[in-house]
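Fold and geometry: a report
Read off the chains here:
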Amino acid sequence: MHTASPFVRVVVLNFDGGQMTMDCLASVMASDWPADRFEIVMVDNGSLDDVVERVRDELPGVRVIEPMANTGFAAGCNLGIRAPGDFDLVALVNNDATVDPGWLRPLVEAVHADRGVGAASPKMLFDGRFVEVDVRVDDAARIGADPRTLGVRLTAARIDGTRADDRLAFDEGFFPPEAPVRKLGEELARWSWRRGLIRVRIGSDGRVPQTLSLRLAAIEPRNVHLVTDRADVPVFVADQPRWVDVTLGAEPFDVVNNAGSALYPNGFGGDRGFLEADRGQFDEPAEVFAWCGGAVVMRREYLDDVGLFDERLFLYYEDTDLSWRGRLRGWRYVFVPDSVVRHRHAQSSGVGSPVFRYFTERNRPLVLVKNAPAAMAWRAGAGLGRRAISSTVRGVVLRPLTMRMPMRADAAHHWRIFAGYLRLVPGMLRDRWRARPAVARSELLRWEQHKETAA
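Conventions adopted
Residues numbered from 1 in each chain as written. Predicted model: local features only at pLDDT ≥ 70, side-chain atom pairs only at ≥ 80, totals over all residues. Heavy atoms only, no water. Helix = DSSP H or I, 4+ residues; strand = E, 2+ residues; numbered from the N terminus. Rg over C-alpha atoms; globule rule 2.2 N^0.38 Å. Buried < 20%, exposed > 50% of the residue type's maximum accessible area, 1.4 Å probe, protein only. Contact = heavy atoms within 4.5 Å. Areas by Shrake-Rupley, 256 points an atom, 1.4 Å probe, with all protein chains shown as cover. Lys, Arg positive; Asp, Glu negative; His and termini not counted. Charge placed at Lys NZ, Arg CZ, Asp CG, Glu CD. 1 Å grid on protein atoms, 1.4 Å probe; cavity = no way out; pocket = protein on both sides within 12 Å on 5 of 7 lines; lining within 4 Å. Points joined across faces, edges and corners; volume = space filled by probe spheres on them. Nonpolar A, V, L, I, M, F, W, Y, C, P; charged D, E, K, R; others polar. Pairing = 2+ DSSP bridges. Axes fitted to C-alpha atoms, helices over the stretch in contact; angles between N-to-C directions. Phe/Tyr/Trp six-rings, centres within 6.5 Å; stacked < 30°, edge-to-face > 60°. Lys NZ or Arg CZ within 6 Å of the ring centre and 35° of its normal.

1. Looking at the overall build of the chain
- Of regular secondary structure, the chain possesses nine helices and 21 strands.
- For 455 residues, the compact-globule formula gives about 23 Å, and the C-alpha radius of gyration of the chain, at 23 Å, lands near that figure.
- Reported as C-alpha extents along the three principal axes, the dimensions of the chain are approximately 70 × 50 × 40 Å.
- Out of the 455 residues in the chain, the part that is buried amounts to 54%.
- Across the chain, contacts joining residues at least 24 apart in sequence account for 74% of those joining residues at least 6 apart.
- Total accessible area on the chain is roughly 20600 Å²; 54% of this is exposed by carbon and sulfur atoms.
- A gap of 8 Å separates the mean positions of the 60 positive and 61 negative side-chain charges of the chain.

2. A closer look at the layout of surface pockets
- One number sums up the size of the second largest pocket: a volume of about 290 Å³.
- Lining the second largest pocket are 17 residues, with Val306, Arg325, Arg329, Asp431 and Ala435 positioned closest to its centre.
- Contributing elements (two or more residues each) for the lining of the second largest pocket: helix H5 (300-306), helix H6 (318-328), helix H7 (354-371) and helix H9 (408-434).
- Among the residues forming the lining of the second largest pocket, the class breakdown is six nonpolar, one polar and ten charged.

3. As for the sheet that holds strand S14 (residues 232-237)
- Taken in spatial order, the five strands line up as S9-S11-S7-S13-S14 in an open sheet, and their pairing is antiparallel. One side of each edge strand has no neighbouring strand; the edge strands of this open sheet are strand S9 (168-170) and S14. With direction set aside, neighbouring strand axes in the sheet form an average angle of 25°.
- Pairing geometry for strand S13 (residues 222-227) and S14, over six bridges, is antiparallel. Paired with His225 across the bridge in S14 is Pro234.

4. Things to note about the environment of Ala26
- Note on placement: Ala26 falls in helix H1 (residues 19-29).
- Here the alpha-carbon distance between Ala26 and Lys183, two residues 157 residues apart in the chain, equals 44 Å.

5. Details of empty space enclosed by the protein
- All told, the structure shown has one cavity of 30 Å³ or more when counted by the stated rule.
- The calculated volume of the largest cavity comes to roughly 40 Å³.
- Considered class by class, the residues forming the lining of the largest cavity number two nonpolar, two polar and four charged.

6. Some points on the packing of aromatic side chains
- Enumeration over the complete set of coordinates arrives at 13 aromatic pairs.
- Look at Tyr358 and Phe359: their rings are 5.0 Å apart centre to centre, the planes differ by 80°, and that puts the pair in the edge-to-face class.
- The buried category is assigned to Tyr358, whose relative accessible area is 6%.
- Classification of Phe359 by relative accessible area gives buried; the value is 13%.
- Among the aromatic residues, those joined into a ring-pair cluster are Phe73, Trp291 and Phe309.
- The ring centre of Phe87 lies 4.3 Å from the NZ or CZ of Arg300, which sits over that ring.

Function cannot be read off these values alone, since they describe shape.
What follows is the structure in structure tokens.
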């Protein structure tokens, strides 16, 4: 592809990304694609950093759009897509991602190979390479009124004797982080489930770490096994925290962030292959239910037919919504493993943060109201109301009856989500009634899959 290459517009959204955004833009500019057949549009969403000035000084070829406010991911991307000028394809790349030089060509070829394909997704890997420890707690159990099944609590860690918490990553076998209890000397606070993985990112010098030291605690005694491909360390953890050393594996590996997006039960959208070690299981192209807005190439005709992002969603699930709308119009999406992007996952808002929780929990049922079969949409919306009521009863009414302090924050969080949902439901219903699907809503449920079988 040279003189006949389609023209690609690459949109990058910045919100206080700093050097991370500069790294992203530099990687996109180094793409293996004819320089006169693509452009980069950076939308700065009201940042307080100096990226706009740096881009204009260091990367003058990048077009900059400044709405002078944080318009959210949806509206910010729409500004970049709507910017004056023509294009054949539009690509989105998160500012917390970097692209391999050859990332663009396989995606463009996949879209152009089939006129029914509206978008193509790359293999998105977490930034860096990792070694890991498998934390196994067979006697994990519920404790008191806590609904979680708890294994052990990680309260501190050292990598070869040095504290480097930013190099630690956890799979879904660990619950979201809690506030450390400083008076107990906690530096971290994460509970495991029966089985969870702690991953250690390889250092910037490329040296593979040898030993991970963990300080573990438990409310009730637990038998723990810390397993790597070089060690199996049995540990008994009781009421006093204890340090344990484990020898790490010798061979680092990549970890998958997204291999296309999937539809899970109850209308949850999610990353296919999320947190799996990349062992070659996603080395073949595949049709997928949806694409991820972290990195994607979309056909102009697809957007002309389906429309752009729903700006009412602001942040999260806007890519699932646009994918679902396209599916209802008959468009298809493909995953292309020859295209590789590396992503620093959720750097701007943080998985588990109040911002992340609010928008993901509010937006999923809103997307279902607009796109899903009525029964699924009703269940999701009713579930928000039930959670608001039950959190109030458990945390505000029942706790004081047992001489414990009420937990108002959790109840307030769920009521805020429910109120936000109710405000936007009428507009979503109007969009649903105005839509003219080419594919039955129920037909798309054939894409529903459980995570255990999602490879």
